Amino acid sequence: MTCESLSRFSINQMTVRQLSLPELVEQCARLSVPGVGLWREPVAEYGLAAAAELVRDAGLTVTSLCRGGFFTTVESLDDNRAAIDEAATLGTDTLVLVSGGLAPGSRDLAAARARITDAIAELAPYAEERGVRLAIEPLHPMYAADRCAVSTLDQALEIAERFPSSQVGVVVDTYHIWWDERAPAAVARAGAADRIHAFQLADWTTPLPAGVLNGRGQLGDGAIDLRAWCELVERAGYTGPIEVELFNDDLWARDGVEVLEETVDRYVREVG
């Protein structure tokens, strides 16, 4: 199955966050988009049970739920258990973890990663009992202090490999790891161990916006060879959904239906 096939395409809800969940579901059905990646906040706003029913009745697959993680307090474990339960209710087997940065007042990245590992050890059996896998997403190093102390795919795998692959894996996100010359080997390593639990696409465009969070470029607008990354992940044995997740103020200011249509077209053009 090739990357251009829409049978594997998934639109992350954040890409078109200006669309309500019913609007998103309606447009996915119209465009033959089979998968959606959901976020906890808009799901909670609509109602968890209602959201699960809406998506299920439309025949859509929930490819992931975002997000768990932010393991900076003891209370975060309770919130992550709730996120696992929500994922199970929505029918997805993948909870994406944005693991959190440094503890308040700390400059110790190693301690932050140890805290993340300890938290996952607490959560992994709970998740497996509910049919949910924890997918550690490494974020670009510019987010290490405040959002995610796990910055490379190798670092994510070092944590994931302490647990069965049925419990813990990784997210391969082009936006965050395209720059790392070690990442292709890490993709192969992850694929061989069945630890690629999610694959996300976004392009790298410059200059980055203030605050850098909302700098994910539309497919084809930036520096990443998206087709090469798709082929790399497929060679590693991954055959699951390919999810487009964009944080971009310019896209959010546009008509959401237009952005969704454009994203489908770009996906076919750029990774086919």
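Here, the structure is the one placed above.
To start, this report covers the structure provided alongside it. (Residues numbered from 1 in each chain as written. Predicted model: local features only at pLDDT ≥ 70, side-chain atom pairs only at ≥ 80, totals over all residues. Heavy atoms only, no water.)

1. A word on the side chain of Thr263
Put simply, the rule is: Here a helix means four or more residues in a row that DSSP labels H or I, a strand means two or more in a row labelled E, and each is numbered from the N terminus. Any residue under 20% of the maximum accessible area for its type is buried, any over 50% is exposed, and the rest in between are partly exposed; the area is computed with a 1.4 Å probe on protein chains only. Identification of polar contacts relies on pairs of N or O atoms within 3.5 Å, with a donor-acceptor requirement for protein atoms, meaning one able to donate a hydrogen and the other able to accept it, and with residues adjacent in sequence counted only if both atoms are side-chain atoms. The contact rule is simple, with two residues in contact once any of their heavy atoms fall within 4.5 Å.
Positionally, Thr263 belongs in helix H11 (residues 256-271). Here Thr263 falls in the buried class, since its relative accessible area comes to 0%. Among the polar contacts made by the side chain of Thr263, one reaches the side chain of Gln218 at a distance of 3.2 Å. Beyond its immediate stretch of four places on either side in the chain, Thr263 contacts Phe9, Ile11, Thr15, Gln218 and Val244.

2. Points about the layout of surface pockets
What counts, and what does not: Computed over the protein atoms alone on a 1 Å grid, cavities are sets of points where a 1.4 Å probe fits but cannot get out and pockets are open sets with protein on both sides within 12 Å along at least five of seven lines; a residue lines them when it has an atom within 4 Å of a point. Grid points are joined across faces, edges and corners, and a volume is the space filled by probe spheres set on the points. The classification used treats Ala, Val, Leu, Ile, Met, Phe, Trp, Tyr, Cys and Pro as nonpolar, Asp, Glu, Lys and Arg as charged, and all other residues, Gly among them, as polar.
Volume-wise, the largest pocket comes out at about 270 Å³. Taken together, 22 residues make up the lining of the largest pocket; nearest its centre are Arg133, Ile196, His197, Tyr238 and Gly240. Mapped by element, the contributors of at least two residues to the lining of the largest pocket are strand S3 (61-69) and strand S7 (196-201). When its residues are assigned to classes, the lining of the largest pocket shows 7 nonpolar, 10 polar and 5 charged. Roughly 180 Å³ of volume is contained in the second largest pocket. Lining the second largest pocket are Gln13, Met14, Arg17, Gln18, Leu19, Ser20, Leu21, Trp39, Pro42, Glu45 and Tyr46. Among the elements that line the lining of the second largest pocket, the one with the most residues is helix H2 (residues 40-46), at 3 residues. Here the residues of the lining of the second largest pocket sort into 6 nonpolar, 3 polar and 2 charged.

3. A few points about helix H9 (residues 226-235)
Quick reminder of the rule: By definition, the arc is the one covered by directions from the helix axis to the C-beta atoms.
Those residues of H9 that fall on the buried side of the exposure criterion are Leu226, Trp229, Cys230, Leu232 and Val233. One side of H9 carries all its buried residues, which in axial view fall inside an arc of 160°. With its phi angle positive at about 100°, Gly237 sits one or two positions after the end of H9.

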